[in-house]
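Spelled out, the chains give:
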Amino acid sequence: MWLFKKKKSIPKNIIIHKTISDITTLKSTLLKEQSTNNFLFITNSILANNSILIFGLSIKDVQTSYDYTFILTTDGTVYVVSHLLKPQNLKDEFWKGINFKKDCVDYFKFTKNDPIESISAKWGNNYAFITKKGEVYLSYKDKKYCGKLDQNLFENKKIIKVASGVDHILFLTSGSCVYSLGTTFNGKLGHGRNINYKSAFDYIFGKCNLDNILQNNNTKIIDIGASYNTSFFLTDNGQVFSCGDHTYGADAQPLNFNLIPNEFQLVENCKFVKEMIIGYFFGSFKTLDDKYQIFGLNNFNQFSNNFPTDKIYGPTDFNLQNSEIKQEDIYQLECGGYGTIIVTKNCKVYSTGAHSCLFLKKEDSNYQMIEHSDVFSKFIKDVKRFKVRCSVHSVVYFTVTKKEIVDIFNFKNVWKIVDCDFIFN
């Protein structure tokens, strides 16, 4: 049994408020509990007027999906918050030990010698945990891949990151290998142009074909991402590669792009990228100079009406000409299901696009400050600890316990002195 089957209830130091229905209640509760330091606020269309506010967790990361929000703490515990009005107790290998009968919150806990290191959950109902030792635990549509995955699938390489799409999943190893699992529809698996599949809707697992990208150089893959039907990866030289659905510009490629199905291809017209933020059918790239480039579907003004077209092909500079927000003021740009959220460096929160969550307007055509922005900005002293995650139905605001290292590339105080080669007999 790989999951800790709990015999006790949620620890007493964790305080849960499940009836946050207005700004006044949110503000008063935050002020009342502020001595607990960290907070997490979940608002979801299914929860209606009963948003959830949690205190007392030492938070490392949060991922939110259709039906659940997963909260990873610094000791490797994962708390699960159900968005369902009647939480279901699922019975596959991934969910053993979880019980939602008495509450909407429960938790996973691994052994101390192999705690949970990272989580992946955003689109669909695919969830993955990675432990410190690189073990992968998966909840997936194909039951053959539920529970603990056999390391032989990855040629015994350590998995360092997982990215979940709607029906496909990417796995990144420490040796810059990428594996993918899912249906072959839209050619999003990246297994290679010469691979022939029996059906576009069979579940296939395989190693991505990256030979032409990584051969004869020292390029390393440092990040992966997945949207509805598209796959991405980022290299240490700031290049992004994508494969899959070209509709709506969801792969960040130009309009008249020569698409090769099932093959990762370099995203053209990209600046040096240091972070990928992937939404449902759209996304953005954060560049080395802390600016943003955007791409994909804009039919609900996901990036505001500053961009008149409903499809943005190719990475386009994120210039907000008719907004009070300036690029240099943005600390975080989060891409969700049909909208985006911006957190500024002075901790103001703005949203645009289609949202159905409490406190957010159902549809904005331009970035508007959300009505609870002032509540957060008064409560939060360090914007670097404040994060936002959003999916199709939910938005989560939270503070992390320790400062996250967001910038993968940090060259501001690094100088190249000399190239050295060492030869050992």
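Model, not experiment: these values are computed from the prediction. Residues take numbers from 1 onward in each chain, read along the sequence in its written order. Restriction of local features to residues with pLDDT of at least 70 applies here, the model being predicted, together with a cutoff of 80 or more for giving and counting side-chain atom pairs; totals for whole chains, interfaces and linings are based on all residues. The side-chain numbers reported here are obtained from all heavy atoms of the structure, hydrogens and water having been left aside.

Draft legend 1. Broad picture of the confidence of the model for the protein chain. The predictor's confidence in any single residue is recorded as pLDDT, a number from 0 to 100. Per-residue pLDDT for the protein chain has a mean of 83; in total, 82% of the residues score no lower than 70. Only heavy atoms matter for contacts: two residues are in contact if any of them lie within 4.5 Å across the pair. Here residues 1-7 is modelled with pLDDT under 50, and outside its nearest four sequence neighbours on either side it reaches 18 contacts, counting other chains as well. With pLDDT under 50 throughout, residues 404-422 is counted as low confidence; its partners more than four residues away or in other chains account for 22 contacts.

Draft legend 2. Main features of the side chain of Gln151. Relative to the elements of secondary structure, Gln151 occurs in the loop between β11 (147-148) and β12 (159-164). When accessible area is computed with a 1.4 Å probe and restricted to protein chains, residues below 20% of their type maximum are described as buried, those above 50% as exposed, and intermediate ones as partly exposed. The exposure class assigned to Gln151 is buried, which follows from its relative accessible area of 17%. Once you skip the residues sitting within four places of it in the chain, Gln151 turns out to touch Gly134, Glu135, Asn156 and Lys157. Labels follow the DSSP assignment, with helices taken as runs of H or I lasting at least four residues and strands as runs of E lasting at least two, numbered in each case from the N terminus.

Draft legend 3. Expanded view of the sheet that holds strand β21 (residues 282-287). For two strands to pair, DSSP has to find at least two bridges joining them. The strand order β20-β21-β22-β23 describes an open sheet built from four strands, whose pairing is antiparallel. Each end of this open sheet is capped by a strand with a single partner; those strands are β20 (273-278) and β23 (311-317). This sheet shows a mean twist of 10° between the axes of neighbouring strands, independent of strand direction. Here five bridges tie β21 to strand β22 (residues 292-297), and the two strands are oriented antiparallel to one another. Each bridged residue has a counterpart across the sheet, and for Ser284 the counterpart in β22 is Ile294. Between the N-to-C directions of two axes lies an angle of 0 to 180 degrees, each axis being a line fitted to C-alpha atoms and, for a helix, fitted only over the stretch in contact.

Draft legend 4. Structural detail: the pattern of salt bridges. Any Lys or Arg side-chain nitrogen located within 4 Å of an Asp or Glu carboxyl oxygen qualifies as a salt bridge. In this structure the tally under the stated criterion is 12 salt bridges. Note that Glu135 is salt-bridged to Lys148, the shortest N-O span being 3.7 Å. A residue pair is termed long-range when its members are at least 10 positions apart, and Glu135 in the loop between β9 (127-131) and β10 (136-139) and Lys148 in strand β11 qualify at 13 residues. Between Asp167 and Lys188 there is a salt bridge whose closest N-O contact spans 3.5 Å. Of the two residues, Asp167 is situated in the loop between β12 and β13 (168-173) and Lys188 in the loop between β14 (178-183) and β15 (203-207); the sequence distance between them amounts to 21 residues. In the salt-bridge network here, residues are joined through shared partners; they are Glu155, Lys157 and Lys207.

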